[in-house]
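# Residue-level structural notes
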Amino acid sequence: MDLEARSLQPNVKAVLLAKLREYKSDLNNLKSEHKRLASANSNQAARDDLLKSGMADAMSVSANQRGRLMMSTERLNESSDRIKESRRTMLETEELGVSILQDLHQQRQSLLHANDTLHGVDDNISKSKKILTNMSRRMSRNKWIISSIIVVLVVAIALILYFKLSK
């Protein structure tokens, strides 16, 4: 996810990298909390065993140990539930991130395709403009040629009439 986020454009990359850092931080916090709880439970149990081993009454020791064991088991179960919930949240968040990255990739592809199409249209417009400019030049040149021919014919007719009428 980190590599994909780094390969995106700067404005999107900053947001995704910030979210990724936040998720990594949450994951590390949950891991350290789990370790702390696991070590605290084992240290507490070992300490209680050493302190209680000197008790004379075996029944009271057994009952205390059973109570502590029940409390430790309950705390361990609560911690396990929190870890499972955190893991579930982490997986949902990762799925959401993957979905967002896929959507962004599709949008990027659409934009690239639109950009290519736009360049193709721009090239066609440029060609059309050149063709129209050439047609306009030819039309103007043809007008001059026809005008010149008409003037020459009018002058020729005028000369012919002049010579016919003057005889």
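Refer to the structure printed above.
In this report, we go over the structure that sits alongside the text. Each chain carries its own residue numbering, running from 1 in the written order of its sequence. Where totals are concerned, whole chains, interfaces and linings use all residues; where local detail is concerned, this predicted model gives features only for residues with pLDDT of at least 70, and gives and counts side-chain atom pairs only at 80 or more. Values shown for side chains rest on all heavy atoms present in the structure; no hydrogens or waters enter the calculation.

With that settled, the discussion passes to the packing of aromatic side chains. Stacked, tilted and edge-to-face are the three classes applied to pairs of Phe, Tyr and Trp rings, where Trp contributes its six-membered ring and a pair requires centres within 6.5 Å; stacked means planes under 30 degrees apart, edge-to-face means over 60, and tilted covers the rest. Across all of its chains, the model carries one aromatic pair by this definition. Each ring, one from Tyr 162 and one from Phe 163, has its centre 5.6 Å from the other, and the planes form 65 degrees; the classification is edge-to-face. Pair check on accessibility: Tyr 162 and Phe 163 agree, each one exposed. When accessible area is computed with a 1.4 Å probe and restricted to protein chains, residues below 20% of their type maximum are described as buried, those above 50% as exposed, and intermediate ones as partly exposed.

For the rest of this paragraph, the subject is the pattern of salt bridges. For this document, the term salt bridge refers to a Lys or Arg side-chain nitrogen within 4 Å of an Asp or Glu carboxyl oxygen. Applying the stated criterion across every chain, the model contains two salt bridges. A salt bridge links Glu 92 to Arg 88; the shortest N-O distance between them is 2.4 Å. Here Glu 92 and its partner Arg 88 are both found in helix 3 (residues 58-166), four residues apart, which amounts to about one turn of the helix. Exposure remark for Arg 88: the relative accessible area of 38% places this residue in the partly exposed category. If you follow the salt bridges from partner to partner, you end up with Glu 85, Arg 88 and Glu 92 in one network. Helix and strand labels come from DSSP, where a helix needs a run of H or I of at least four residues and a strand needs a run of E of at least two; each type is numbered from the N terminus.

Secondary-structure assignment places Lys 31 in helix 2 (residues 10-52). Judged by its relative accessible area of 48%, Lys 31 falls in the partly exposed class. Sequence separation between Lys 31 and Ser 86 is 55 residues; the distance between their C-alpha atoms is 9.9 Å.

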